[in-house]
Structure formats: C-alpha cells, structure tokens
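Close look at the chain arrangement
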Amino acid sequence: MCTSPASRNGPMNRAPFVVAAGVWLLAMGAGCTAGGPSNTSSDQAARQNRGFSFGSKGSAPGKLHKPDGVDLDQQGNIWVVDGQNHRMAVFGPGGKHRFSFGSRGIGPGRFGRMDGVFIHGTHVYVTDLSQQRLQVFDLKGNFLRFVEFTRDRAVVPINPVAITIHGQDLYVVDRFEGCIHVCDLSGAVKRRISQRGTGATDLLRPESITVDPRGRLWIADEDNSRIQIFERSGRHVETIGPQITRQFYFSGEVEGIACNGRDLCYVVDEASGRIIAFDLSGAFKFTLGEGLGRGPHQLFSPDGLAYDSKRKRVVVADQGNHRIGIFSTQPAHRTRFAPLKREGANTKPFVIAKVDNTPSRAIRRFMPLASYLGLQLRNLGFTGGKVVVVTDHKQLAKRMKQGSVHLFIGSGYATMLATLDRTFTPIAIGKKKGRWLYQSLIVVREDTGIKTVAELAGKTMASEDRFSTSTFILPRIMLERVGLKVVAADALTIPPRSVRIKFAKEELSVLWWITRKGLEGGFFADTDFAKIKNPVGLRVLQRSLKIPRVIVSARSDLESQLSAAILRIFAHLTLASHRVILAPLKMSQFRKISTEELGRVMSLKDAVK
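Residues numbered from 1 in each chain as written. Predicted model: local features only at pLDDT ≥ 70, side-chain atom pairs only at ≥ 80, totals over all residues. Heavy atoms only, no water.

1. Re the overall build of the protein chain
The line we're drawing: For helices the rule is a DSSP run of H or I covering at least 4 residues; for strands it is a run of E covering at least 2, with both sets numbered from the N terminus onward. Per-residue and other accessible areas follow the Shrake-Rupley method at a 1.4 Å probe size, with only the shown protein chains counted as cover for residues.
Check the secondary structure of the protein chain and you find ten helices and 43 strands. Entry remark: accessible area of the protein chain is about 24,500 Å², with carbon and sulfur atoms responsible for 49%.

Structure representation (structure tokens):
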C-alpha cells in the first residue's frame, strides 16, 4: 500500500483479556507521501494494482484526523467519517479530494461523536452518537433530515455507532446497550437483537454491522474480540472468535466489517493491523496487509471498512496513520496470516492492571508501556509485559493480593478505592493532554436563575457516566456536602431534597441534554468544558478541588529496589523520546506524586457509601 494520488459493507472458545505486549515494540517504517514520485509508470501501475493509500494528518481540505467509518457510493466515491475534524470528507476512487461538509457542534450538519456512514441509494446516513440520532444528507452533502428513534411515538435514547439497511428495515448498532435495534426507515423501533454482556450470544460495545449474501447480520463484537452472526429475525447463528484457528486468535478489538456480495466477509483485526477474510461459514481464508505499522501496506489502529465490488478491493480507515488504505483482494496480493499468539507459560511478565469496561481498548492502549517496563526491568527478572483488565476495584484487589499485578494506572476515584484496600501505594502522576490536574464543574443554564448548589434540589442534571471521577464522583461530593441526595433520573422513588441525574455517555451528549432537552444543568471536567465553543447561556455554578488526572500506583508489598526502579523509569518517560509508548495514552510525561496531591485523592473517600 503506497501513496499515489489516487459494496458495502459454533460456540465461542472464550479466552481471558490478557495479552502479551512484547510484539508492540516494532520498528515503524516511514509512511509514503501522497503524490510522491515513482521511478516508472510500470512501477506505479504495480503499486496501484496491489493497493495504495491517501491522506495525511491535518484539518485542511483533503487532510484527515483519525478517520473512522467509510462507505462508497455507486460511482465509487469514498465517503469518510473524518472524526476529529467533525466532518464528512468525500474522495474520488483514486483518492482525489472532492469536497467536505460538517463542523463540530449540535444541530443540522454539525457533529460531536460521529462513527459510522452508510449510503443507501442517494441518501447518506451518518451516525450521531452525541445527539443520539442519525443525520441524513444527499450526495452533494446537503442536510435532509434527522432520524430520531421512537417507540410508541415517544423519543427513546439510542446510541448509534453504525447502521445497515435491508429492505424496509433499519438495523442500528447501539454501542452502550450492546444490542441491535430493528427500526423502520423513519426510526420507529420494532424490536431488538441481543443484549450487553460476554455470554455466547451477547455483544460488548459492538462496533459495526453488515448483511451477508445470505441475508444474515454480521456484527463486529468489538470488546468480546469476535464476530456474531444473527438471522434478521434475531436468531443467533454462529460466533467467530476469539479463536480463529488452532493456534491464533483475534488480537484485540474487532472493528470494521464488510462483505463482497458473493462468498467472503472481511473483518478488521485492529491490534494486528490486518484485514481477515472469512467465507460465509465462518472459516478463515486469508489476510490483507502486512501488519501493524506506519509503512507501505501497513495499518495502525485501522477502523471502518467498505468493499468496492467494481474494483475488487477493500477500503479501510487507517485511523492511526490518518489516511485511507486501499487493498486489492486478488489472490496475488493476499498476505500470510499472523495475528498475535497468546503468551506462553515460561515467562515472568511485568503486569499492569486497569479497571475498565472495555478490555480490548485498554489492552491496546497500555500494551506498549507494559512491554517497555518489562524490557527496562529485565535485570530484575522480567521478560516482557502484560496488561490485565478488570471491571471493578474488588477484582483488582484480589489480583493484587494474589501477587499477579505489579502496577495500577487509573483515575483518582479508582486509585482511592485501591489505596483504601491497602493493596496499592500511589507513586506518580501523569500529565495528560497538557494537564497534571483537573477539576469538576457544576454548570447550569443562566435562565434557570439558580445561584447556589443547594437550589439544585428537585432539578435534573446531566452527567457523562456514573463511574467518572470528573463528571459524577466529584460533583456528587459537592452536592452531598450541602445535604442533597443524588438519584438516577429514572429511579422509581425520588427522596426529598434530591437531584436527579441523567447519564448521557459523553460530554457533548451532556451539552445536548442541557441545551436541547431542557435539563437545568450538568457536570463537566474543566478540560472538556473549555473545549466547548461559545457555551452561550451556560454558567459555572461551582468548581471542585483539583486532583491528578492520571495516577500510577505500585503494589504495596513490592521490594523497595523494584519500586525505586519503576519510579526512575517513569521519571524519564517523555513524549519526545517515547512517543510510541505515551501517544496511545495521550500523556506527555510523569512525575512523583506530592503529599498534598495524595491527600486530595484520598478526600474522594467521601463518595464511598
């Protein structure tokens, strides 16, 4: 895949969410440059036949920033969800930029969290997770309408990340509920398929969906590292993965998925940087791409996928490389199958623990750091690294007491819980997105006339997530300190002097619930609120104390020599010299935690009941 300018989309052998990290220390080749010179026209033709890429990081027309979903129209134009630029970008079949549309915000043609695009005839459907609805455009990028999801004519909250249309049915992937909503084309919900979980027929943060030539639904079950196949009626047919062959597994998150309309379906295996082809029975056939990296024919954090039936090629959003990759599916261009192996028993890895509800994403982000620490500590008997993901601090404490985890990296509240168990000792804090510390904000609409926190009694506020330190734990402490109780907005009983909380999943959705749905206010991290352009009509009512954004804690019973060595390694990590390790974490450096900062973290115990 080199850069010349240049249809669609048996029982599970369950494995634990533990992945060896040594394979991430790869030598990354330099990426090609779009429009770069070629030696001969025959060389260029050969590269073009095998595949090519286009795009580079930026916000100017034709540039991309973490592209996500992709799809093709009948002319072969490539429609790209240019996620971090909050727009749609349209390119010709050869990669020439044609036009872009959209901007960040709320309303027609404005986007917050956009993930998927699906073209149905002359209509372009874009998933709008922040506004919990779809936006529909024509093939020139003109806004046509919203598709809001309803049941019995009442709007229902659905979190669309991807869709497909078959006949008169609209199938909507709900990322947070872990299900597929079956709707008519107006958005009226008729039924749902599957549920959130890790069981044999469940879905955990599903990512994408397509219909195979037999009319069945293929769903990328992202955080269960597998593909789920259902009949359109909802009957479960088959599971592919996590184990693919006798020796190999999906490497982590399963992302984009597309079928060729005849006999094959293609799946993005993100952590291995490959596209894996299966026949319609679920049997592995071959792979495309040369693995994880920055160079020609490589992918780095690939995501959305589409199939170009006219040209017999797949189009993939190469998110980490900020470009679009094109791969020929011809037999001569298929590559050797080599996803990640499970770690062997004869090793002593350095183990990092994370509390997270999305295991494969956490593993992908922390694997480079775990591998690096294992390498740097080899003189103390370590051979590589490992990441273990648990769902709550009780499981974390159990792992720590078993001696199977060396380090924990987490938020203030999670660290406080681990410290209360006396299993961890905070040793360092991380600088994330340019900030060592952050604080929570209670924000209200100015037209409510609310002047004090106590006046929030009986009101409804929006929060991102009930497990978020910044958008729930800290605000909850501020509310309870003035005698207010906190209850979910849908609670059956509402006690006196209570504040109802609507959990909106992310910060732009919080803003939407306040400005469009009439909630009195909401909770934000100061860093997120600062990014909102022109927050007209909103006022900060109260600020919390400042606490560290990211905290590194070592197991309390580690030998002093090992603890000191870990702290020295973190002190020398900088984004300039360790980008491949820190960039996935969005951090730039670390330093030792101060006594005052530790005290602020421990003050969060007020939220423990």
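2. Observations regarding the side chain of D318
Rule in force here: As used in this structure description, the phrase polar contact means that two N or O atoms lie within 3.5 Å; if the pair is within protein, one of them must be able to donate a hydrogen and the other to accept it, and residues adjacent in sequence are counted only when both atoms belong to side chains.
Its place among the elements puts D318 in strand β28 (residues 313-318). Engagement of the side chain of D318 in a polar contact is seen with the side chain of R323, the distance being 2.8 Å.

3. Let's talk about the packing of aromatic side chains
The relative placement of two aromatic rings is captured by the distance of their centres and the angle of their planes. The criterion, for reference: Between 30 and 60 degrees the pair is tilted, below 30 it is stacked and above 60 it is edge-to-face, where a pair is any two Phe, Tyr or Trp rings, Trp via its six-membered ring, whose centres lie within 6.5 Å. Counted as over-ring charges are cases with an Arg CZ or a Lys NZ within 6 Å of the ring centre that also lie within 35 degrees of the ring normal.
Inspection of the entire model under this criterion finds 16 aromatic pairs. By way of ring pairs, the aromatic residues W79, F99, F101, F111, F137, F143 and F146 are connected into one cluster. We note R133 situated over the ring of F146; from NZ or CZ to the ring centre the distance is 3.5 Å. The cationic tip of R591 hangs over the ring face of W436; the distance from NZ or CZ to the ring centre is 4.7 Å.

4. Here's the deal with the pattern of salt bridges
A side chain of one charge can pair with a side chain of the opposite charge when the charged atoms of the two come close. Put simply, the rule reads: Every case where a carboxyl oxygen of Asp or Glu lies within 4 Å of a side-chain nitrogen of Lys or Arg is listed as a salt bridge. Three labels apply to residues, based on accessible area from a 1.4 Å probe with only protein chains included: buried if under 20% of the type maximum, exposed if over 50%, partly exposed otherwise in between.
Following the criterion strictly, the structure yields 18 salt bridges and no others. A salt bridge links R323 to D318, with the shortest nitrogen-to-oxygen separation between them at 2.8 Å. Look at R323 and you get buried, because its relative accessible area is 4%. Close ionic contact of D557 with R555 constitutes a salt bridge, the shortest N to O distance being 2.5 Å. Under the relative-accessibility criterion, D557 is labelled exposed at 54%.

5. Topic: the side chain of R133
The test is simple: Residue contacts are defined here by distance: any two heavy atoms, one from each residue, within 4.5 Å place the two residues in contact.
Among the secondary structure elements, R133 is positioned in strand β11 (residues 133-137). R133 sits in the buried class, given a relative accessible area of 3%. Polar contacts involving the side chain of R133 include one to the side chain of E148, which spans 3.2 Å. Setting aside chain neighbours within four positions, we find R133 in contact with V126, T127, D128, F146, V147, E148, F149, P160, W512 and R516.

6. A look at the confidence of the model for the protein chain
The test is simple: How sure the predictor is of each residue is captured by pLDDT, a score from 0 to 100.
Considering every residue of the protein chain, the mean pLDDT works out to 83; 88% of them sit at 70 or more. Note that residues 342-346 has pLDDT below 50 and, in this model, nine contacts with residues that lie over four places away or in other chains.

7. Digging into the environment of V601
On the secondary structure map, V601 appears in helix α10 (residues 595-602). On the basis of relative accessible area, V601 is assigned to the buried category, the value being 1%. It is 6.3 Å that separates the C-alpha atoms of V601 and I547, two residues lying 54 residues apart in sequence. When near neighbours in sequence (up to four residues on either side) are disregarded, V601 contacts G412, T415, M416, P548 and I551.

8. Overview of the pairing of strand β15 (residues 160-166)
Heads up, the condition is: For two strands to count as paired, DSSP must find a minimum of two bridges between them.
Most of β15 is tucked away, with six of its seven residues classed as buried. In terms of strand pairing, β15 meets strand β16 (residues 169-174) through six bridges, oriented antiparallel. What sits directly across from A162, in β16, is V173. Taken together, β15 and the strand that follows it, β16, pair antiparallel across an intervening segment of two residues, in which G167 is found at a positive phi of about 65°.

9. Quick word on the sheet that holds strand β37 (residues 485-488)
Put simply, the rule is: Inter-axis angles, ranging from 0 to 180 degrees, are taken between N-to-C directions of lines fitted to C-alpha atoms, where helices are fitted over the stretch in contact.
Here we have six strands laid out as an open sheet, ordered β37-β38-β36-β39-β35-β40, and mixed in their pairing. This sheet does not close on itself; its edge strands, each paired only once, are β37 and β40 (538-543). Pairwise comparison of adjacent strand axes, ignoring direction, gives a mean angle of 35° for this sheet. Pairing geometry for β37 and strand β38 (residues 498-503), over four bridges, is parallel.

10. Comments concerning a positive patch on the surface
Selection criterion: The patches reported here contain residues having more than 30% relative accessible area and no salt bridge. Joining distances are 9 Å for like charges and 5 Å for nonpolar side chains (Val, Leu, Ile, Met, Phe, Trp, Tyr). For the purpose of charge, His is not counted, nor are the chain termini; Lys and Arg are scored as positive and Asp and Glu as negative. A charged residue contributes its charge at one atom only: NZ of Lys, CZ of Arg, CG of Asp or CD of Glu.
Taken together, K57, K66, K433, R579 and K586 make up a surface patch of like positive charges. With respect to the helices and strands, K57 occurs in the loop between β2 (51-54) and β3 (67-72). Taking relative accessible area as the criterion, K57 reaches 55% and is therefore assigned exposed.

11. Focus on the sheet that holds strand β21 (residues 226-230)
Read across the sheet, four strands follow the order β19-β20-β21-β22 without closing on themselves; strand pairing throughout is antiparallel. One side of each edge strand has no neighbouring strand; the edge strands of this open sheet are β19 (208-211) and β22 (236-240). Strand-to-strand twist in this sheet, taken as the mean axis angle between neighbours without regard to direction, amounts to 20°. Both β19 and strand β20 (residues 217-221) contribute to a ladder of four bridges, which runs antiparallel.

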